[in-house]
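Commentary on secondary and tertiary structure
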Amino acid sequence: MASSAPSAAPVSSAAAVTANERFMAVFWDLASLNPQARTDSAARLLKYLKSIESSISDNGSKNGAASSAGNDPAQFAELGYALKRLLRGLSSSRDAARQGFALALAEILRQFPAISLREYMHQLSDMHPVSGKPKGQEERDRLYARVFAYAALVRSERIKYEFEHAPKNTLFDLARIVIGPMIDDLFNLAKKRFFVTEMCFYILCTFVQSHQVPNTDFKEMIMPIFVDKLNVDPETQFTPDQLWLAIQINHAYGVDWSQYLPNYWQPGAVVQSKHLRQIKPALAAAVYTTPKLHSVWQLVLRDVFASKDSISLLQDLWTIVVDDLFSSSQSAQLMAMQVLEAAFPHLQSAEQVAFAFTRNCLRLLTNALQIRNHHLHKPARRFLAVVEREAKKSPVVAVAVVTALQGNSVGSKSFDQRTGTRTIHSLLGLMDAESAKNYISSLVREFYKPSEEFKQALIQEQAAAASKKSEKKQKESVRVRDEDAMDVDEDGSSSSEESEQELELDEDVVDLQTMIDGRRHWVLNQLFSIAKGGGPVAEKENEILVPILRFFFFHAFFDFVGEAPAEATTPSKKQKQKQQKKPETSTELLNVRQKLEPVLSESTRKLCQDRLYTLLGHLSNANQAAAEGTAAAPAAKKASKLSSETIVHDLLSYQLNVLEKDAASFAAVTPLQPEEDEEDEDDEDDEPAPQFLEIRKEALGLLEKIKARRELLEKKGNLDDVPSLRAFEQLFLHLLLQMNVDPTDAAQNLTELSQGYKDIFEKTAKSPNKKKQQTPTKKQKAKAADSDEAEEDEEPSGPIEIMTDILVGLLLKPSAILRDVVVNAFKTVVCDKITPAALRVLLNAIKEDASSLLVGEGDDDGESGSELDSDEMADVMAELQGGSGEEDEEDSEEAEEEESSEEPEPPKKTKGAAKESPAATKKGKKEPSSESEEGSDESDDEGMTDKQMFAMDKHIAAVLKQQKEARRSQRDTQQQLLHFKFRVLDLVDVFYKRQPDNVLIFDTIRPLLDSLQESSKAKEQTALLQRIASTFNTKLCKLKTYPRGDSVNVSSLYELVGDLLVMATKTKLGVLADSACHGIQFLLRVIAGQQKQLDISSVSSKLAEALKSFTRNHNSQLRPTFFQDLLQKQPALGWALYPELADAVENSRAGFTRVQVFALYNSIVTKKQLESADSKKTFIKYAPTIRRAMMCCLNDSKIKAAQMKQVLRTASQIFKQMVAAFAGSSTALEQARNLWEYQSLIQTLSGLYGEFVQRSPPLARQCEQLISQISGQAVKIQANPVAAPASKPAAKPTEQQNSKKRKAVPDSDSKASDPASKKSKVAPNP
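This section reports on the structure supplied with the text.

Procedures and definitions
Residues numbered from 1 in each chain as written. Predicted model: local features only at pLDDT ≥ 70, side-chain atom pairs only at ≥ 80, totals over all residues. Heavy atoms only, no water. Helix = DSSP H or I, 4+ residues; strand = E, 2+ residues; numbered from the N terminus. Buried < 20%, exposed > 50% of the residue type's maximum accessible area, 1.4 Å probe, protein only. Contact = heavy atoms within 4.5 Å. Areas by Shrake-Rupley, 256 points an atom, 1.4 Å probe, with all protein chains shown as cover. Expected span 1.5 Å × (residues − 1). Salt bridge = Lys/Arg side-chain N within 4 Å of Asp/Glu carboxyl O. Phe/Tyr/Trp six-rings, centres within 6.5 Å; stacked < 30°, edge-to-face > 60°. Patch = residues over 30% accessible without salt bridge, like charges linked within 9 Å, V, L, I, M, F, W, Y side chains within 5 Å. Lys, Arg positive; Asp, Glu negative; His and termini not counted. Charge placed at Lys NZ, Arg CZ, Asp CG, Glu CD.

Structural notes on the overall build of the protein
Looking only at helices and strands, the protein has 67 helices and 4 strands in total. The 1326 residues of the protein split such that 44% are buried. Of all intrachain contacts in the protein linking residues separated by at least 6 positions in sequence, the fraction that spans at least 24 positions is 75%. Accessible area of the protein: about 69800 Å², with a carbon and sulfur share of 49%.

Listed below in structure tokens is the structure:
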């Protein structure tokens, strides 16, 4: 190393040493892992070398010339050292040495043209020779060093500089000495190890792409070298890297490879449809760079999308090359997914998107997104992010992607449901209005008549399912076939023929109707997403949202029964131009005058109803959020400008003016004028059919009056009755819609609702002076209580009662929007005017069983149907075993005649046996025979063929399926009933919130608790039990505003408190006891607001009984917190209960309850409650009873240490208050001590100290503190040495500890029983 290179100017030795140190440190920083540090270090190196070069040129120093290296005098020692050091450092594996040294080397070659490329290649060969047989790390270092050296040469663009500045006669030497060896060496290095292959060809492609050699010189000097390297036979395949280089040469220099390799290439570009089959192996072999996508794909995709015929070329590329990769190896699938991700930003048309999303692509993409541990899950997620980003730029692409992702799917699940993403939902929101209408039109066409693509997909699914079914049948037949299965039966047929016949019977492997229904459900869900998602809907609601709602409405309630319009002929050019100019209206967008192939199923019609009601609810919620100014208001305004009332008005107008006027073309699913049956005409007693059309006509007229009145009041600014009128308007609208589903119920509700509106509004208008609602008097309440049963049987008579009954009935409907309308109507119409009878309607709905309203008569038929199916199955079994024909019929008739005989003949009892279960049939056959079970089983099997057994299995499966559906239907009914009661409870919550000062809230306490008790009887109603308890405890008992004044009947509240105390005492249900306790506290709070002092006599006796039950009854559900809270909030009850506490402590069933009851003294004996003289007298009077209760706790050996701490803490507090009670006397402490007989008490506490001094030191200290408090001075207790355990030698501490642990409990028992062991010495603390 030339570390002591002379400097350019005379400097001091110290400065030279410092400069050399900085120069040497630069090479160390070049290997930093920080890219910025490497860049800065290379810049410092270049700056240092430039400074030396400028100094030499300025001063003309002879030292610089003397120290030149090589044949070029312009090179100086530092430059030569840097060149050698950088070339040698390329083989270093330390950190990022190769990257940093190659960067500095490239810049030195660029900025110092004096460096000879011939010398550069010579030094490279000397430092990193190719000869020899290096292995392992040494070979890897040499390969990387040569590759990075060539990369530095290419990036420095020195070759371009030489071609521009060197004499022309030296260019051939440059190509022969530098360029040729570099190309040859890079090809050889690429063949040696795969990890440098792409790097070598990257350097070559960079050299070609940078155009460092002019066109003429390249074709003359360089092209022969590449042709020699890329010359392959027609049978030999190109590698991905060779193809990459060939495409790059074709791009950079316009080389037509057909002129050089005519046997392999055709004229034109490399990437063309004619070459795709030739380059397919090369592109498929590019997987060796996984997980990175090979660079050749970027060039191929660039040529495809730059081509004039890009659509056909992309289709050919995807069909010939890419599509097969999606179903190949895992690395090939990853490469295909990366190609799709790279190509997607260039897809600009729907045709290109359709080509890209092939069936194999969709299958792989769906599976990768479904399975989280799939090897392509993250690439698939990344691709969806690219799709959404590009779809924001082009709505056309968004529509094309949605169509491609969902176009060929078979089933009702959408792409989002299958993959767990929101891709389709997001893309639908990115469409513009025109794109959305085009997509909707395609969906509607798919709804009416499935596309050919879907039919092909359906055929494939059917074929696959049929294949699986046949394989399963064959395996089953092999399993049940005996060794002689191929023997010919008596009728001449073999078992193999029977298997074929069985397969023919199971042709319906895949149900066509089910598949078509799934497809239609998907179409409905897509329309629902478009209507709900905003975006294009917000732009043109009348052209998108309204037609979609009409589409749902029509297919939910109507059918097209007319003749479909004839197919139009092919339009001419002028007609096409007119159609293009003519805007697409809403009627053209959704044309319902089309035949359905096949017809609409009930499940599809039900889905249309659900989607219609859900959209109406969405519009209602959006408008409500916008009106209230909530956080969702801006989004709501953007989502819809139409109200739900406007939409329903439009739907009713569409029904009356379009659908019902054209009765020849459209028919209602549930006609309003049912056809009269002849049998019904003969029955004179039957009631006449209701005139639904007249009822609807009257309701529509009244609806117009309500709407006009509401609009008039809004114009005048009188908004008091507007909410109620709007609620009535919503009710009428939705009941009119409901007439298409259940006309009988809806017509009855409309009639009652019309009368209720007239009674409420028209009478109110006539008498504007409203009377304030009066609370019923005590006599009226008593009279009402006597006639409760009669009132419950009678139907509601008043308008508010009728309204409440209607609203409760509407809660049974599954529509969410209808439930919102009911809640709104209850708030604005019923809640302020509610009566006891109306409230009773709500409470009875919670308590009673409303399953009869949910379950129709068809359920009973379903149960009997399952029984009939089981009988049919038994008949089939009998026929299969007994044969068929006239003889069997005669035998069956004889069997029916002889059913009552005692000894019937077994052969003649086929039908009778068929009526029994299969097990009973076998048992009947078994009894008269003396064979064993195995023999009877063999005889049964011998009597049935495979075909008969398969038929029997089918019938058994049908019966089991029907039973399963019956159980599911029963569960659904219970669930619906549960949700119905939840909705009624929501109305009760509204009543509590809006009318907290109404005295009728007291009438809800007992019914809610009764409902709570009823719901505990069934396990399925656990959720209802919790919901009722939550409503009672949090909504009612936590009310801060409650009834006050003369309207409150205090005596009835006292009675209710007593009833709740009895209920809490006797019940075995913990939730009911807790709720009753909450109700007691709420009622006492209300009574305290009415009276200055509670009537203790009305409550104390029952409260004492409750305390007695808590302490003695093991099944009591009362909690000690109830008594603590009650005595703290109602001190008068505490003093009434004060004398009873000592007896309760002594008679407690367990130590825990004894401690909890003794702790109640803390809630009674407080400083605030002892302010009055009467309280002090009572306290002092019963002070001995407190000592008795305390001694009972102290002498209880079952009380644990933690509980004993609570006892001592309570005793300390009570003694403190006792001393305070004698505060006026000079001997207050002495009087308090005498009341408690402190000598014996101190002796007991000292014994307790000796018992717990080892087991619980904190408890022992607490005993010591209480003794000091009673004694009036600080004392220190010394345990009795006799009672203490004997000390043992210190040599065995472990045995001593073990013996103490074993004897701890017996010692304490012995101390408690022996009075002598409790003696202790109490000495004053000096």
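From this point, the discussion proceeds with the structure in view.
Some points on unusual backbone geometry
Along the chain, Thr-290 connects to Pro-291 via a cis peptide bond; the corresponding omega equals 15 degrees. In this structure, Asp-95 takes a positive phi of about 45 degrees despite not being glycine. Looking at the secondary structure, you find Asp-95 in the loop between α4 (77–89) and α5 (97–111). With a relative accessible area of 51%, Asp-95 lands in the exposed category.

Regarding helix α12 (residues 240–253)
A rise of 1.5 Å per residue sets the reference length of α12, with its 14 residues, at 20 Å; its end C-alpha atoms lie 20 Å apart and thus fit the reference within 8%. For α12, the buried fraction is high: 12 of the 14 residues fall into the buried class. For α12, the full list of buried residues reads Pro-240, Asp-241, Gln-242, Leu-243, Trp-244, Leu-245, Ala-246, Ile-247, Gln-248, Ile-249, Asn-250 and Tyr-253. Looking at the packing, one finds that the buried side of α12 touches α9 (171–192), α10 (197–209), α11 (215–230), α13 (257–260), α14 (276–284) and α15 (295–306).

Some words on the pattern of salt bridges
Tallied over the full model, the rule gives 36 salt bridges. The partner of Arg-110 in a salt bridge is Glu-107, and the shortest N-O contact between them spans 3.8 Å. With a gap of 3 residues between them, Arg-110 and Glu-107 both fall in helix α5, about one helical turn apart. The class for Glu-107 is partly exposed, based on a relative accessible area of 21%. A salt bridge links Glu-1014 to Lys-1017; its shortest N-O distance comes to 3.3 Å. Through salt bridges that share partners, Arg-710, Glu-714, Arg-726 and Glu-729 make up one connected network.

Section: the environment of Ala-354
Along the chain, Ala-354 turns up in helix α18 (residues 350–356). The exposure class of Ala-354 is partly exposed, given its relative accessible area of 46%. In sequence terms Ala-354 and Val-401 are 47 residues apart; their C-alpha atoms lie 7.8 Å from each other.

Thoughts on the packing of aromatic side chains
Summed over all chains, the structure comprises 34 aromatic pairs. Ring centres 3.9 Å apart and planes at 5 degrees place the aromatic pair Phe-218 and Tyr-253 in the stacked group. Within this pair, whereas Phe-218 is found in helix α11, its partner Tyr-253 is found in helix α12, the two being separated by 35 residues in sequence. For Phe-218, a relative accessible area of 0% gives the class buried. The interplanar angle of 90 degrees and the centroid separation of 6.3 Å between the aromatic rings of Tyr-448 and Phe-551 together place this pair among those described as edge-to-face. Residue Tyr-448 is located in helix α24 (residues 433–448), and its partner Phe-551 is located in helix α29 (residues 541–557); the two are separated by 103 residues in the primary sequence. By the burial criterion, Tyr-448 is buried, and Phe-551 matches it. Through successive ring pairs, a cluster of aromatic residues spans Phe-553, Phe-554, Phe-557, Phe-558, Phe-560, Tyr-654 and Phe-666.

So, a positive patch on the surface
Side chains of Lys-827, Lys-993, Arg-994 and Lys-1035 sit close together on the surface and give a patch of like positive charge. Summarising the element assignment, Lys-1035 is placed in helix α52 (residues 1022–1036). Look at Lys-1035 and you get partly exposed, because its relative accessible area is 42%.

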